[in-house]
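# An overview of the molecular structure
In case you want the letters, here they are:
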Amino acid sequence: MQKFDFKKLYPHLIAIGVFIFIAFAYASPVMQGKELRQDDIVQWRGGAQESIDFREETGKEPLWTNSMFGGMPGYIIDVNFPKNVLSHIHTFLMKNIFPRPANFIFYYLLGFYILLLGFGMSPFVSMIGAFAFSFASYNFIIIEAGHNNKVRSMIYLGPALAGIWMAYRGKLILGAAVAAFFLGLMIHMDHIQVVYYLMMMILIFGIVYLIYAIKENSLNQFLKVTGVLFIAALLALGANTARIWVLLDHSNDTMRGGQSELVDESERRSSGLDKDYALMWSYGKLETMTFLIPNFYGGGNAIDIGENSSTYQALTSNNVPPAQARSFVENAPMYWGDQPFTSGPVYMGAIVCLLFVMGLVLIKGPFKVWLLVTVIITLFLSWGKNFEFFTDLFFYYFPLYNKFRAVTMILMITQVAMALLAFATLWNIINLKYTKDQLINALKIGLGVTGGLAAAFAILGGIFFDFRASVDSQLPQWIVSAIHDDRASMLRMDAFRTLFFVAAASAAIFFFYQKKLSQNVFLGILALLFVIDMWPVNKRYFNNDDFLNPAEYEQIFAPTQADLQILQDPDIHYRVFNTTRSPFNDAITSYHHKSVGGYHPAKLLRYQDLIDEHLREFYMPVLNMLNTKYFIVQQEEGAPPTAQLNQSALGNAWVVNEARIAETAREAIDFLGEINTGNTVVIESRERDYVNDFDFSSGRGEINLLSYSPLELVYEADIQQNAFVVFSEIYYNGEKGWNAYLNGEKVDHIRVNYVLRGMKLPAGNHELVFRFEPSVYFVSSNITLVFSLILCLFFIGTLIWYFGFSDRKKVPEEKKSLFTFD
């Protein structure tokens, strides 16, 4: 067993200490017990509250919830996979060490630090690189927005990529173990879109290095490592079998993977999202300039431009009271880009852009080709509808690509590739890998491109654009003119700002190569420039004002008088329609009630059809069949919301005496606009065999709900004559999980009224139980247990072996010749 040199840990311990300081310095309100308000998390908590309460009360997993959209699988909202060992590791790392969001900032830094260490850089350079990458503005904007699983996926991405590089550099087993472990954690974050984008980056890596391996006659070694890493990836997938399987099982019934049956055959697509919906958030081609100049397109939709702005002066000059003028400029509509709205730009950092351009000149071979191709492809894809030809190639022909929305998200990979090339360049510079002439030439080109663009927009930016945005049409022209002046001013000021940082970094590089600066002083200057550059930009979009005291945070969910009125109802199960909010983009209502509406991008596709065809129009017969017992309304502007009882709600179940057979889904949903849902049921032709020769007209009886939980509903039925019963519960069977048991015996039920459950009941007194028993969850959980145990043992065992027993000799040059960035 080799003796471990603990002195080697000192630089890493210093780095961890610095990262902790940075995280808590930026998110300092957490030290006062404050919580970050994240709008998406607020919505998530509203929709997940029933599931959270159920888990705490019963210890069972809430695999279904009725809190949103009449009912939907709970495992796409809030569910644990207790048999996944990775789940417990992740929980410990993210919840038990540092408070949110300081933990996110710390792990951002640590993740990219590990990435650069894995690529062979020193701890000091890796620390600087970790800061520069982590403080790219998009990383902080998604924290503020509450895209927490996206954040966690990005945290785990860096170490996973480091493991892949280490494996190809000769540390095969260690690299495979690191890659498998962190890829497993990344997949566990349930943000498949980020994983998909990483796989695209790795695919580009594989193609580029395969070509070079063939050229250099090292194909066998390349294929060997690739095979081991493929097994590692399968291990990571196997450890997440449960999460992946339930999502795949559910996806075909949702907007993400399904296809509405209301669409004409000639217009049907094979799978995935509607193209316009998927490409709604597309980065503008010129908007790419925000990589270099953050306020190139105005920053965000609601920006505080202050009292010195032209807009404030115009408002007060037109007799707008100062308080109102101040309120307006605190949330001024400054963004004028191509997206519907945005919280802020994707700013990579002026110095990162400079080093990236220099790297394109200085670095040769497959490393540069891989990262450059990655940047080009991801950038083109981020343009979405603004580069439609290229996007269509992926949307229609690349597997699974059309299941994802917000294509701008792929810029997360762009920033990884740019930062990697930038810091590989910096690493080579400090190791004097280039001649003076080579460096000066690259510096001229880098300064010419980045500094030249900044100077051009700083001096002439106002003459290139009209600074118009779609929101301008809603404002008086005199305000619009002032806003245009402020947009132009923001562009010019940030362009000058970028020019300063590019020039300062260029000077530092020049003087370092002239031996006027020592290496440590040079790196210290760069580190300081990175902080001065990127910290304030992030504070524009995510700052102390985003934090609330615990009492203020809980006030978000405080019940209104209408909520309290409804909650006094002793009925155990009914639904609420809140007209005072955007009903189908709001989950706050779900915090207290079972809502007809909700907020989730993967709602059941048939329920979305119901929303589009009937619920948006407040069509009462359909609302009645969903047992919408209460409406929350606002009687007049400024008045508090009140609750209105709907006497026509049909309850939990009812007997019908007439049936309409629909030949198509279109006919079925149209029939709902014609029938009395309390007496007539719509049955689709595919279910015709279930009701052949059944006499609907003579059915008589009563059925009542005795007990309710998200996983089980128990009814008692007193049926005088054979009857057909409709239940106000969302149909989700077809082997999906909801099973019916009549007096203990499993019986069939069918989909009726487009989205609900229906069943024949014989005469007599019966106990009827619906249980949610998705076999996919239970079977896949056992597979997950086996694979996650193997994965964790492999990872821990490899670390013990490598650091305790391996001699860790230097890898022979012939094994790593391809995998370098000299």
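Up top you'll find the structure we're talking about.
Residues numbered from 1 in each chain as written. Predicted model: local features only at pLDDT ≥ 70, side-chain atom pairs only at ≥ 80, totals over all residues. Heavy atoms only, no water.

Turning to the sheet that holds strand 14 (residues 738-742), a few remarks are in order. Spatially, 5 strands are ordered 11-12-18-14-15 in an open sheet, and the strand pairing comes out antiparallel. Whereas interior strands pair on both sides, the edge strands pair on one side only; in this sheet they are strand 11 (700-709) and strand 15 (745-747). Going from strand to strand, the sheet's axes swing by 30° on average, the running direction of each strand aside. The sheet contact formed by strand 11 and strand 12 (residues 712-721) spans 9 bridges and is antiparallel. Across the sheet, serine 707 pairs through a bridge with valine 714, a residue of strand 12. (Pairing = 2+ DSSP bridges. Helix = DSSP H or I, 4+ residues; strand = E, 2+ residues; numbered from the N terminus. Axes fitted to C-alpha atoms, helices over the stretch in contact; angles between N-to-C directions.)

This next bit is on the nonpolar core. Residues Met358, Phe367, Trp370 and Phe423 are the most contacted members of the largest nonpolar core, which totals 191 residues. Looking at which element gives the most residues to this core, the answer is helix 18 (residues 411-430), with 16 residues. Every residue in contact with phenylalanine 367, bar those within four places of it in the chain, is listed here: Phe119, Trp165, Tyr209, Leu420, Leu421, Ala424, Thr820 and Phe821. Counting residues in each nonpolar core, the second largest holds 79 residues, with Phe631, Phe696, Ala717 and Phe770 among its members. (Core = buried A, V, L, I, M, F, W, Y, C linked by side-chain atoms within 4.5 Å. Buried < 20%, exposed > 50% of the residue type's maximum accessible area, 1.4 Å probe, protein only. Contact = heavy atoms within 4.5 Å.)

Let us look at helix 10 (residues 219-238). Helical geometry note: an α-helix holds 3.6 residues per turn, so side chains three or four residues apart project in the same direction. With 20 residues, helix 10 extends 28 Å between its outermost C-alpha atoms, agreeing within 8% with the 28 Å of an ideal straight helix rising 1.5 Å per residue. Looking at the buried side of helix 10, the elements it contacts are helix 7 (148-168), helix 8 (172-188), helix 9 (192-215), helix 11 (241-251) and helix 29 (775-804). (Expected span 1.5 Å × (residues − 1).)

The residue threonine 425 is located in helix 18 in this model. For the pair threonine 425 and isoleucine 675, spaced 250 residues apart in the sequence, the C-alpha separation amounts to 70 Å. Setting aside residues no more than four positions away along its own chain, threonine 425 makes contact with Leu355, Met358, Gly359, Leu362 and Ile363.

Note on aromatic pairs: each is described by the distance of the centres and the angle between the planes. Across all of its chains, the model carries 84 aromatic pairs by this definition. Between phenylalanine 135 and phenylalanine 140, the aromatic rings sit 4.5 Å apart at their centres with planes inclined by 40°, giving tilted as the arrangement. Taking relative accessible area as the criterion, phenylalanine 135 reaches 1% and is therefore assigned buried. Given a relative accessible area of 1%, phenylalanine 140 falls into the buried group. One aromatic cluster is present, built from ring pairs that chain together Tyr196, Tyr197, Phe380, Trp383, Phe387, Phe390, Phe394, Phe398, Tyr401 and Phe404. The aromatic ring of tyrosine 708 is capped on one face by lysine 594, whose charged end is 4.5 Å from the ring centroid. Here the guanidinium or amino end of arginine 660 rests over the ring plane of phenylalanine 671, the centre of that ring lying 4.2 Å away. (Phe/Tyr/Trp six-rings, centres within 6.5 Å; stacked < 30°, edge-to-face > 60°. Lys NZ or Arg CZ within 6 Å of the ring centre and 35° of its normal.)

Quick look at unusual backbone geometry now. Omega for the peptide link from arginine 100 to proline 101 comes to 5°, which places this bond in the cis form. With respect to the element layout, proline 101 can be found in the loop between helix 3 (85-95) and helix 4 (102-118). For phenylalanine 69, which is not glycine, the phi torsion reads 50° and is therefore positive. Here phenylalanine 69 lies in the loop between strand 2 (64-65) and strand 3 (72-73). For asparagine 319, which is not glycine, the phi dihedral falls at a positive 65°.

Looking now at the packing of helix 13 (residues 310-317) against helix 20 (residues 477-513). Packing of helix 13 against helix 20 leaves a shortest axis separation of 7 Å and a crossing angle of 155°. Between helix 13 and helix 20, the angle is such that the two are roughly antiparallel. Judged by the twist between their axes, the crossing of helix 13 over helix 20 is right-handed. Counted together, Ser310, Thr311, Ala314 and Leu315 of helix 13 and Trp478, Ile479, Ala482, Ile483, Asp485 and Asp486 of helix 20 form the full contact between these two elements. The residue makeup of the contact of helix 13 with helix 20, split by class, is 6 nonpolar, 2 polar and 2 charged. (Parallel < 35°, antiparallel > 145°, perpendicular 65-115°, else oblique. Left-handed = near helix turned anticlockwise from the far one by under 90°. Nonpolar A, V, L, I, M, F, W, Y, C, P; charged D, E, K, R; others polar.)

For the rest of this paragraph, the subject is the side chain of threonine 241. Note that threonine 241 resides in helix 11. Setting aside its immediate chain neighbours within four residues, threonine 241 contacts Ser780, Ile783 and Thr784.

Bringing the side chain of glutamine 339 into the picture now. Mapped onto the elements of the fold, glutamine 339 is located in the loop between helix 14 (322-330) and helix 15 (350-362). Overall, glutamine 339 belongs to the buried group, its relative accessible area being 8%. Within the structure, glutamine 339 has its side chain in polar contact with the side chain of glutamate 287 (distance 3.1 Å). Look past the residues within four positions of glutamine 339 in its chain and what remains in contact with it is Trp281, Ser282, Tyr283, Glu287 and Thr408. (Polar contact = N/O pair within 3.5 Å; in protein donor to acceptor, adjacent residues only side chain to side chain.)

Let us look at the pattern of salt bridges. Considering all chains together, one arrives at 24 salt bridges under this definition. Notably, a salt bridge pairs glutamate 554 with arginine 45, separated by 3.1 Å at the nearest N-O pair. You can see glutamate 554 sitting in helix 22 (residues 550-555) and its partner arginine 45 sitting in helix 2 (residues 39-58), a full 509 residues away along the chain. One salt bridge in this structure joins glutamate 729 and arginine 575, with 3.3 Å as the shortest N-O distance. Of this pair, glutamate 729 sits in strand 13 (residues 723-730) while arginine 575 sits in strand 5 (residues 575-578), and the two are 154 residues apart along the sequence. (Salt bridge = Lys/Arg side-chain N within 4 Å of Asp/Glu carboxyl O.)

Moving on, we get to empty space enclosed by the protein. Under the defined criterion, the tally for this structure stands at 4 cavities of 30 Å³ or more. Of the voids in this model, the largest cavity is the one considered here, and its volume is about 50 Å³. Taken together, Tyr283, Glu287, Thr290, Pro294, Tyr297, Gly299, Tyr335, Gln339, Thr342, Gly344 and Pro345 make up the lining of the largest cavity. Each residue belonging to the lining of the largest cavity can be placed in one class, and the counts come to 5 nonpolar, 5 polar and 1 charged. (1 Å grid on protein atoms, 1.4 Å probe; cavity = no way out; pocket = protein on both sides within 12 Å on 5 of 7 lines; lining within 4 Å. Points joined across faces, edges and corners; volume = space filled by probe spheres on them.)

By themselves these figures say nothing about function.
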